[in-house]
Amino acid sequence: MKLHEHQAKDILSHYHVPIPRGEVARDSREVYAIAQKFGKPVAIKAQVLVGGRGKAGGVKLADNPDHAESRAREILGMDIKGLMVRKVLVEEALSIAQEFYMGITNDRTARRSVMMLSAMGGMDIEEVAHSTPEKIAKLHLDPNRPLADFQIRSLIYGANVPPRNWRDFVAIARSLHIIFTALDASLVEINPLVITGEGSVIAGDAKIVVDDNALYRQSGVSGFQEKADEDPLEQRAREKGLHYVRLSGNIGIIGNGAGLVMTTLDQVSQEGGAPANFLDVGGGAKSDVVKAALEIVSSDPHVEGIFVNIFGGITRCDDVANGIIQALSHLKLECPLVFRLSGTNEAEGKKILGEANLIPAASMQEGARRIVDLVKERTEPESIAAAPAYDVPAELY
Amino acid sequence: MAILVNRETRVVVQGITGKEGEFHTGQMLQYGTKVVAGVTPGKGGTTALGVPVYNTVKEAVAKGGANASVIFVPAPFAADAVLEAVDAGIKVIACITEGIPVHDMLKAVQAARENGVYLIGPNCPGIVTAGETKLGIMPGHIFSQGEVGLISRSGTLTYEVVNDLTLAGLGQTTCVGIGGDPIIGCTFTDILKLFVQDPQTKAVVLIGEIGGTDEQDAARFVRESQLPVVAFFAGRVAPEGKTMGHAGAIVGGKGETVAAKIEAFKQLGIPVADTIYEIKIHLWEVLNKRRAGALR
């Protein structure tokens, strides 16, 4: 679960990391009032849970309250990567002398957490990582041993922090580590970590992502979740325990197991189709889960056809079939549905679906071909053999 | 032969009295797995499907002679179950449980590595040595004995591939599902090292996916070891995640995409199948090459 910048900063501040004075506003009048109260130039920052906010124009500076109000009007209601900006953080603008990057995340390959510090903070840290990785100092953390100050200092030396700020950096790194552990975080990041013109150290931006698997024991942050933060269909899916991601195509996909669903998407695109979504019903899905899956996929107005691809292990094909029948009893499906059932209780599942007006396929490949052809007949009846509707970057193949 | 487990392996099921644990214990027994003990704290002294249940893994080792474990314990307690198995001296652990907090796994994986334990998973389908034994949830009927090893990060996709191989007459030695979580016990390379030493395994199928860069490490190892490998990757058109922060990009970088993984394998001359149905075609080729080499 991702936290908003203002939420992450509240947490940092609670753990004694200096943050700029700031307040959250939901309309431009409030922004005016906050800027007037601060009596200084302010930064107005969109609070949306995606990266690249600055480059999308979601962060603006203003010299006075009037200016702040008009800037806020530009940002509020803006669409950033599909999410509408509903609130902004208004902060005192910082005088920046130097920008660092400091963060902790998990390194899959090392199978450990890693703390990172770089003197090249700011928006282009990814480019730094790519072209000059030696400019990012890294420290892998042993989960079973406490973190010692000398270890943190080794990072600080590696990142050329001015000596007069060493003590501040050690304290902030220590706080980040405590937050990372205490919140079951998969990411805690300050970028930029600013050394101001006056020589103090302060968090310019903050990002925290909490491990979803640990939310059951993180009641303090799970309350931060807001309805507006997600695509409505993705939200409905999550409430049903389904993993759903909306894509731009027109063929709805339902399958079991992330790897199989991804491969089904790949197969459909290789046959010239365009997947409308990723939907994994998970292992051992019962009929009610499958019913919910079909309801969600068919409620996407772009969907012109649906492909259900199940290889039963713990998941039983008869449970899947019953879920489909239950969904169809109250849904009026207006597009073709191709299903492929293999594995546990395959025969029972096929028998149940045999009575409905659906199209069986013997393999994933056949099913993918079938649904792509059927959707093409519906959407472009004149030219069935037209070019693929989905634009797959050539370098992928 | 094969790797990790065989028909002699004596298995303890941690979480045997739970719904999943009990169901899959039944399936494992049916496949021929020697399930010698179960562990559920508080239910010691009872039996499940005729298997004696103990309170601790230590007892399962002392009284049941267990030397491998499969874990079906619910997520909040599963990492502790791994630590208990490691402490009891078990050297092969398959952790099936999905949804374990990552911070718990960081500690459990560390303990496994420090003690020379092969921890498979978590969030994995387990291990099958075809015709001999299975630890986990893979459907037994799709396997057939042969000379192909398989390592995969995925569950159902593995069944799909195994099924296709079996239908094509390409039997298997051992199939290992290493799990889909960010922090896992054994990596591709850890398992490849075992396959290299197994005379029965003549070729290996490696099924990777988007995320992480373990596949690139594996590719370098394959190249060095000269092990015949065919790779397949899921997630060519996977959606770009709405990621936040830069840390992920700094750690994994552009290497996390399927395109980068395919490129890494092709550059080293390792065949990559474009669809799962092409895996068998590449396998026939590498197996033929290997046989021709052996004849020379």
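Below or above, wherever it landed, is the structure these notes cover.

The rules we used
Residues numbered from 1 in each chain as written. Chains lettered and ligands numbered in written order. Predicted model: local features only at pLDDT ≥ 70, side-chain atom pairs only at ≥ 80, totals over all residues. Heavy atoms only, no water. Helix = DSSP H or I, 4+ residues; strand = E, 2+ residues; numbered from the N terminus. Buried < 20%, exposed > 50% of the residue type's maximum accessible area, 1.4 Å probe, protein only. Contact = heavy atoms within 4.5 Å. Areas by Shrake-Rupley, 256 points an atom, 1.4 Å probe, with all protein chains shown as cover. Lys, Arg positive; Asp, Glu negative; His and termini not counted. Charge placed at Lys NZ, Arg CZ, Asp CG, Glu CD. Phe/Tyr/Trp six-rings, centres within 6.5 Å; stacked < 30°, edge-to-face > 60°. Lys NZ or Arg CZ within 6 Å of the ring centre and 35° of its normal. Axes fitted to C-alpha atoms, helices over the stretch in contact; angles between N-to-C directions. Parallel < 35°, antiparallel > 145°, perpendicular 65-115°, else oblique. Buried area = accessible area lost by both parts, 1.4 Å probe. Salt bridge = Lys/Arg side-chain N within 4 Å of Asp/Glu carboxyl O. Nonpolar A, V, L, I, M, F, W, Y, C, P; charged D, E, K, R; others polar. Pairing = 2+ DSSP bridges. Core = buried A, V, L, I, M, F, W, Y, C linked by side-chain atoms within 4.5 Å. 1 Å grid on protein atoms, 1.4 Å probe; cavity = no way out; pocket = protein on both sides within 12 Å on 5 of 7 lines; lining within 4 Å. Points joined across faces, edges and corners; volume = space filled by probe spheres on them.

1. A short note on the overall build of chain A
- Counting secondary structure elements, chain A contains 13 helices and 18 strands.
- C-alpha atoms of chain A, sized along the principal axes, occupy 75 × 50 × 40 Å.
- Out of the 397 residues in chain A, the part that is buried amounts to 54%.
- For chain A, the share of sequence-separated contacts (at least 6 apart) that also reach a separation of at least 24 residues comes to 69%.
- Carbon together with sulfur atoms contributes 50% to the accessible area of chain A, which is approximately 17,100 Å² in total.
- Treating the 44 positive side-chain charges of chain A as one cloud and the 53 negative ones as another, the clouds have centres 4 Å apart.

2. Some thoughts on the packing of aromatic side chains
- Across all of its chains, the model carries four aromatic pairs over all chains by this definition.
- Summarising the aromatic geometry, the rings of Phe311(A) and Tyr159(B) are spaced 6.2 Å apart at their centres and angled 55° between planes, so their arrangement reads as tilted. With Phe311(A) in strand E16 (residues 305–312) and Tyr159(B) in helix H5 (residues 156–167), this residue pair bridges two chains. Like Phe311(A), the residue Tyr159(B) is buried in the burial classification.
- Centre to centre, the rings of Phe233(B) and Phe265(B) are 5.2 Å apart; their planes meet at 70°, and the pair counts as edge-to-face. In this pair, Phe233(B) sits in strand E13 (residues 229–234) while Phe265(B) sits in helix H9 (residues 258–267), placing the two residues 32 residues apart along the sequence. Assigned by exposure class, Phe233(B) and Phe265(B) land together as buried.
- If you follow Arg29(A) out to its NZ or CZ, it ends over the ring of Tyr32(A), 4.9 Å from the centre.

3. Some words on the packing of helix H3 (residues 75–87) of chain B against helix H4 (residues 102–114) of chain B
Residue and element names in this part refer to chain B.
- Two elements in contact, H3 and H4, have axes separated by 9 Å at closest approach and are oriented at 10°. With respect to H4, the axis of H3 lies roughly parallel. Across the interface between the two elements, Pro 76, Ala 79, Val 82, Leu 83 and Val 86 of H3 pack against Asp 104, Met 105, Lys 107, Ala 108, Ala 111 and Ala 112 of H4.

4. With respect to the side chain of Thr156(B)
- One can find Thr156(B) in helix H5.
- Sequence-distant contacts of Thr156(B), defined by excluding residues within four places in its chain, comprise Asn256(A), Gly257(A), Leu260(A) and Phe311(A).

5. Section: the interface of chain B and chain A
- If you look at the interface, chain B gives 65 residues, while chain A gives 68 residues.
- Interface area, chain B with chain A, both sides summed: about 5,500 Å², of which 59% is carbon and sulfur.
- Inspection of the region where chain B meets chain A yields three salt bridges.
- Salt-bridge contacts for Glu160(B) lead to Arg340(A); the nearest nitrogen and oxygen are separated by 2.7 Å.
- Of all elements in the fold, only helix H1 (19–31), H4, H5, helix H7 (214–225), E13, helix H8 (247–251) and H9 of chain B reach the threshold of two or more residues within the side of chain B that touches chain A.
- The biggest single contributor to the side of chain B that touches chain A is H4(B), with nine residues.
- Of the residues assigned to the side of chain B that touches chain A, the class counts are 31 nonpolar, 18 polar and 16 charged.

6. Comments concerning the sheet that holds strand E9 (residues 133–136) of chain B
Residues and elements named next belong to chain B.
- Taken in spatial order, the six strands of this open sheet run E9-E8-E11-E10-E12-E13, and their pairing is mixed. Of all the strands in the sheet, the pair left with one neighbour each is E9 and E13. Strand-to-strand twist of the sheet, defined as the mean angle between neighbouring strand axes without regard to direction, takes the value 15°.
- Inspection of the sheet shows strand E12 (residues 203–209) paired to E13 by six bridges, in the parallel sense. Note on E13: the bridge partner recorded for Gly 208 is Phe 233.
- The strands touched by H1 are strand E8 (126–129) and E9; relative to E9, the strand with the most contacts, the crossing angle is about 165°.
- Most of the contacts of H5 go to strand E10 (residues 145–152), to which it runs at about 160°, and overall it touches E10, strand E11 (172–177), E12 and E13.

7. As for the nonpolar core
- If you look at the biggest cluster of nonpolar residues, it comprises 94 residues, and the most contacted ones within it are Val70(B), Leu165(B), Ile191(B), Leu192(B), Ile279(B) and Leu283(B).
- Ignoring anything within four residues of it in the chain, the contact list for Leu165(B) reads Val148(B), Leu150(B), Leu170(B), Gln172(B), Val205(B), Ile279(B), Lys280(B) and Leu283(B).
- With 39 residues, the next largest nonpolar core counts Leu139(A), Ala159(A), Phe180(A) and Leu183(A) among its residues.

8. Some words on unusual backbone geometry
- The omega angle of the peptide bond from Asn191(A) to Pro192(A) is 10°, so this bond is cis rather than trans.
- Of note, Pro192(A) is situated in strand E10 (residues 185–196).
- A positive phi is found at Gln226(B), a non-glycine position, where the angle reads about 65°.
- Structurally, Gln226(B) can be placed in the loop between H7 and E13.

9. Here's the deal with the pairing of strand E8 (residues 112–118) of chain A
All names here are of chain A.
- Burial of E8 is extensive: six of the seven residues sit out of reach of the surface.
- As paired strands, strand E7 (residues 96–107) and E8 are joined by seven bridges and run antiparallel to one another. For Gly 103, the partnering residue across the bridge sits in E8 and is Met 116.
- From the end of E7 to the start of E8, which pair antiparallel, there are four residues, and Arg 111 there has a positive phi angle of about 55°.
- Inspection of the sheet shows E8 paired to strand E9 (residues 136–141) by six bridges, in the antiparallel sense. In the strand pairing of E9, Met 116 is matched with Lys 138.

10. What to know about the layout of surface pockets
All names here are of chain B.
- Of the volumes computed, that of the second largest pocket is approximately 290 Å³.
- The wall of the second largest pocket is formed by 14 residues, among which Gln 226, Leu 227, Pro 228, Val 229 and Gly 269 lie closest to the centre.
- Mapped onto the lining of the second largest pocket, the elements with two or more residues apiece are H7 and helix H10 (279–295).
- With four residues, H10 is the largest single contributor of residues to the lining of the second largest pocket.

Just geometry here; none of it tells us what the structure is for.
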